[in-house]
Amino acid sequence: MKRVSWELRIGLVLVLLLLLMCLVSFFYTPYGTNQEVAAKYQPPSSTFLFGTDNLGRDVFSRIMVGSQTVFLVGFISVAIGLVFGVLLGSVAGFAGKWADEIIMRLMDAMMSFPGILFALMYVAVFGFGIFNATVALGIMAIPKFARITRSGFMQVKQEPYIDMARSVGVPKIRIMFVHILPNIISPLIVAASMGFATAILAEAGLSYLGLGVQPPDPSWGRMLKDSQNSFLSAPHYALAPGLMITLTVLGFNLLGDGIRDIKDVK
Amino acid sequence: MPVYLLKKAASLLLTLALVAVITFFIFEILPGDAALLRLGIDATDVQIEAYRKEIGLDRPIFVRLGNWFLRAFRGDFGISNRFDLPVIELIRSRVAVTTQLTVLTLFLTVVIGIPISLLSAKYRGRLSGVALGVVTQIGMAIPTFWLGILATYLFGLILGWFTPGAYVPLSTDLFRGLSYLMFPALALAIPRVAVLVRYTRSSILDEWGQDYVRTGYAKGLSTDKIMFRHVLRNSLIPTLTILGMMVAEILGGTLIIEQIYNIPGLGKLLISGISARDFPLVQGMVLYIAFLVIVIHVLLDIAYKLIDPRVNREERI
């Protein structure tokens, strides 16, 4: 019997709601994201759900479109991390001593860069903007997935059915991807969900610093930065993007936890 | 033990070397001429050539890597394009502030986190325990810089407990300086507290299942006594490793928080360096910070091994 914890439920609900908002935003937003619709810094009202920002734009619409950035950055960076992480991890876990040493040393070095330091360095060199930020975050995610894949491989490698496959003559690559990999999917899924949350947080941070998504494209991190200047007059402006970031991160964290709980009890 | 230390030292050096290589090469890929960047667009060809010779840009790449290594080893990270000062001096002038912030944050994390972990373990299964769990989850999801902004708003503007942006160095006025740093430290600490509580709580609960706890009850010890005299000490051991990871996270967090609170630390310097495309500065700082984190990790690893003699496992798996 599977245990569906409250984490899984709430996480799923949050993520689905956000996904819904993101999809809807492609077709419809209450107002344009870049047009001045009213006076600046209007508080939330029935016409403007989250009020207006420093240029008189509707905050709610900008939040909706901002969610597109969130999912874009999240998915792509996790995808990059997964693909290369699994590749490296499977080679490290399967191929043996030397490959393992080298790859893991590299991963350790990567993980030694604290927080967003690597991403900062990357955008400093290659330029700001959403593309570079996403790639940087993707690279930062690689070591985590590599580790998980590697330890999974090293465990499954011992199983008797792998020996049997080898003795029958199944080529190594086939063994790796057809026999071993499907068995280690679950920790990877959990890590992917958590990784998504981490990526969003990091992207928000970069955008806050002005190094991520560039204006006038809406980004929740960027909106937080803009809200700082108008605290006294418009505190509501700071609430919306921060709240959205929190909810999104919360949703994916809970989702990851929930999936982990299911797999554990199994 | 000596063999272990030796292996650890070798491993440390290797990781440091790799980090340095990565940092070096990333800046190598940079399009654009370092000489032009330094001297400015108006520099004549002769000046450019002279400068290139001076910093050795005309040598093959591995020679340059080696030179850079040697210089970095001695602490020479080059000269900042923007400030015209040696990078290492700029770093030195800021390190103290960031260190103060980091230490304060760590302190807050432990002081707030441990009691909450205890409560969380004690009230497990009950309403307050579940509520605590929910709060923990939320705490982990909140972006640090948002907390920073909210704190500025709530404590600074509304309550007036401090003046936002008016940083007071600790050396000038300890009390006021601390009361200023308290708020960014708090913003940094809260997500860490959440993570700490998670780990420590499950560690405590694991320990409760151990035999010696039952022995304690059999001896007639009260729950509190068992907790404080035996369980807590053992459950804090894995917490120590988490603290090590947290130092890195906190350092990463200071990078952004310093911007919000106008604190003249490493973070602010780094960000302004990036905006100004001051590559020697950025390169030197990245290396410095990464080194710091690695060394702290290794030290904590060693401390962990010292405290818990049972631990004798492989480094990775």
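As the structure is a prediction and not an experimental result, all values here were calculated from the model.

What counts, and where the lines are drawn
- Residues numbered from 1 in each chain as written.
- Chains lettered and ligands numbered in written order.
- Predicted model: local features only at pLDDT ≥ 70, side-chain atom pairs only at ≥ 80, totals over all residues.
- Helix = DSSP H or I, 4+ residues; strand = E, 2+ residues; numbered from the N terminus.
- Buried ≥ 20, exposed ≤ 12 C-beta atoms within 10 Å, placed from the backbone.
- Contact = placed C-beta atoms within 7 Å.
- Axes fitted to C-alpha atoms, helices over the stretch in contact; angles between N-to-C directions.
- Parallel < 35°, antiparallel > 145°, perpendicular 65-115°, else oblique.
- Left-handed = near helix turned anticlockwise from the far one by under 90°.
- Nonpolar A, V, L, I, M, F, W, Y, C, P; charged D, E, K, R; others polar.
- Core = buried A, V, L, I, M, F, W, Y, C linked by C-beta atoms within 7 Å.
- pLDDT = per-residue confidence, 0-100.
- Expected span 1.5 Å × (residues − 1).
- Bend = angle between axes of the 7 residues up to and from the residue.

*Asks:* Looking at this structure, how should I read the overall build of chain B?
*Replies:* When helices and strands are counted, chain B shows 12 helices and zero strands. Counting from the amino terminus, helix and strand elements in chain B follow one another as α-α-α-α-α-α-α-α-α-α-α-α. Relative to its full complement of 317 residues, chain B shows a buried share of 36%. Counted over contacts in chain B with a minimum sequence separation of 6, partners at least 24 positions apart contribute 71%.

*Asks:* What's the story with the overall build of chain A in this structure? I'm lost.
*Replies:* Counting its secondary structure elements, chain A contains 10 helices and zero strands. Starting at the N terminus and walking to the C terminus, you meet the elements of chain A as α-α-α-α-α-α-α-α-α-α. Buried residues in chain A amount to 50% of all 266 residues. A separation of at least 24 residues holds for 70% of the contacts in chain A among residues at least 6 apart in sequence.

*Asks:* What's the story with the packing of helix H1 (residues 2-28) of chain B against helix H12 (residues 279-307) of chain B in this structure? I'm lost.
*Replies:* For any two helices packed against each other, the geometry is given by the interaxial angle and the distance between the axes. All names here are of chain B. Here H1 crosses H12 at 160 degrees, and the two axes come no closer than 10 Å. By the criterion of interaxial angle, the relationship of H1 to H12 is roughly antiparallel. Crossing of H1 against H12: the hand is right-handed. Where H1 approaches H12, its residues Lys8, Leu12, Thr15, Leu16, Val19, Ala20, Thr23 and Phe27 are matched on the opposing element by Phe279, Gln283, Val286, Leu287, Ala290, Phe291, Ile294, Val298 and Ile302. Within the contact of H1 with H12, the residues separate by chemical class into 13 nonpolar, three polar and one charged.

*Asks:* Can you walk me through the nonpolar core in this structure?
*Replies:* Soluble globular proteins: nonpolar side chains tend toward being buried together. Membership of the largest hydrophobic core comes to 141 residues, with the highest contact counts inside it found for Ala119(A) and Met285(B). The greatest single-element share of this core, amounting to 14 residues, is contributed by helix H8 (residues 185-208) of chain A. In contact with Met285(B), other than residues within four places in its own chain, are Ile91(B), Leu266(B), Leu269(B), Leu270(B) and Gly273(B). Ile204(B), Ile226(B), Met227(B) and Val231(B) belong to the second largest nonpolar core, which has six residues in total.

*Asks:* Just checking my understanding: could you explain the confidence of the model for chain B for this structure?
*Replies:* Residues with a pLDDT of 70 or more make up 88% of chain B, whose mean pLDDT is 79. Scored as a complex, the prediction yields pTM 0.84 and ipTM 0.82.

*Asks:* Please explain helix H9 (residues 220-228) of chain A as it appears in this structure.
*Replies:* Structural remark: α-helix, 3.6 residues per turn; residues separated by three or four positions point the same way. Across the nine residues that make up H9(A), a large majority, seven, are buried. Listed as buried for H9(A) are Trp220(A), Gly221(A), Arg222(A), Met223(A), Leu224(A), Lys225(A) and Ser227(A).

*Asks:* It is not clear to me how the environment of Phe83(B) should be interpreted in this structure. Could you clarify?
*Replies:* All names here are of chain B. By the secondary structure assignment, Phe83 is in the loop between helix H4 (61-73) and helix H5 (87-122). Looking at Phe83, the number of C-beta atoms within 10 Å reads 17, which means it is partly exposed. With 200 residues separating them in the primary sequence, Phe83 and Gln283 have C-alpha atoms 15 Å apart.

*Asks:* Is there a simple way to explain the interface of chain A and chain B in this structure?
*Replies:* Each side of the interface is counted separately: chain A has 35 residues, and chain B has 39 residues. Contributions of two or more residues to the side of chain A that touches chain B are made by helix H3 (97-111), helix H4 (117-126), H8, H9 and helix H10 (236-265) of chain A. A total of eight residues in the side of chain A that touches chain B trace back to one element, the largest contributor, which is H10(A). Residue classes in the side of chain A that touches chain B are distributed as 25 nonpolar, eight polar and two charged.

*Asks:* How should helix H8 (residues 174-208) of chain B be read in this particular structure?
*Replies:* Look at H8(B): only 42 Å from first C-alpha to last across 35 residues, short of the 51 Å you get at 1.5 Å a residue. At Ala189(B), H8(B) is deflected by roughly 35 degrees, the largest bend along its length, and proline Pro191(B) occurs up to four residues later in sequence.

*Asks:* What is the right way to look at unusual backbone geometry in this model?
*Replies:* Trans peptide bonds make up most of the peptide bonds, and negative phi angles are found at most residues other than glycine. Residues other than glycine seldom take positive phi values, yet Asn262(B) does so here, at roughly 60 degrees. Mapped onto the fold, Asn262(B) is located in the loop between helix H10 (223-261) and helix H11 (266-275).

*Asks:* For this particular structure, what's the right way to read the environment of Ala197(A)?
*Replies:* Residues and elements named next belong to chain A. Mapped onto the elements of the fold, Ala197 is located in helix H8. Of the residues examined, Ala197 has 23 C-beta atoms within 10 Å and is grouped as buried. Separated by 71 residues in the primary sequence, Ala197 and Phe126 have C-alpha atoms spaced 24 Å apart. Apart from residues no more than four positions distant in its own chain, Ala197 is found in contact with Val249, Phe252 and Asn253.

*Asks:* What is the right way to read the packing of H10(B) against H11(B) from this model?
*Replies:* Residue and element names in this part refer to chain B. Packing of H10 against H11 brings their axes to within 7 Å, and their N-to-C directions diverge by 85 degrees. Accordingly, the angle class assigned to the pair H10 and H11 is roughly perpendicular. Facing Thr254, Leu255, Ile256, Glu258 and Gln259 of H10, the residues of H11 in contact are Gly267, Lys268, Leu270 and Ile271. Looking at side-chain class alone, the contact of H10 with H11 contains four nonpolar, three polar and two charged residues.

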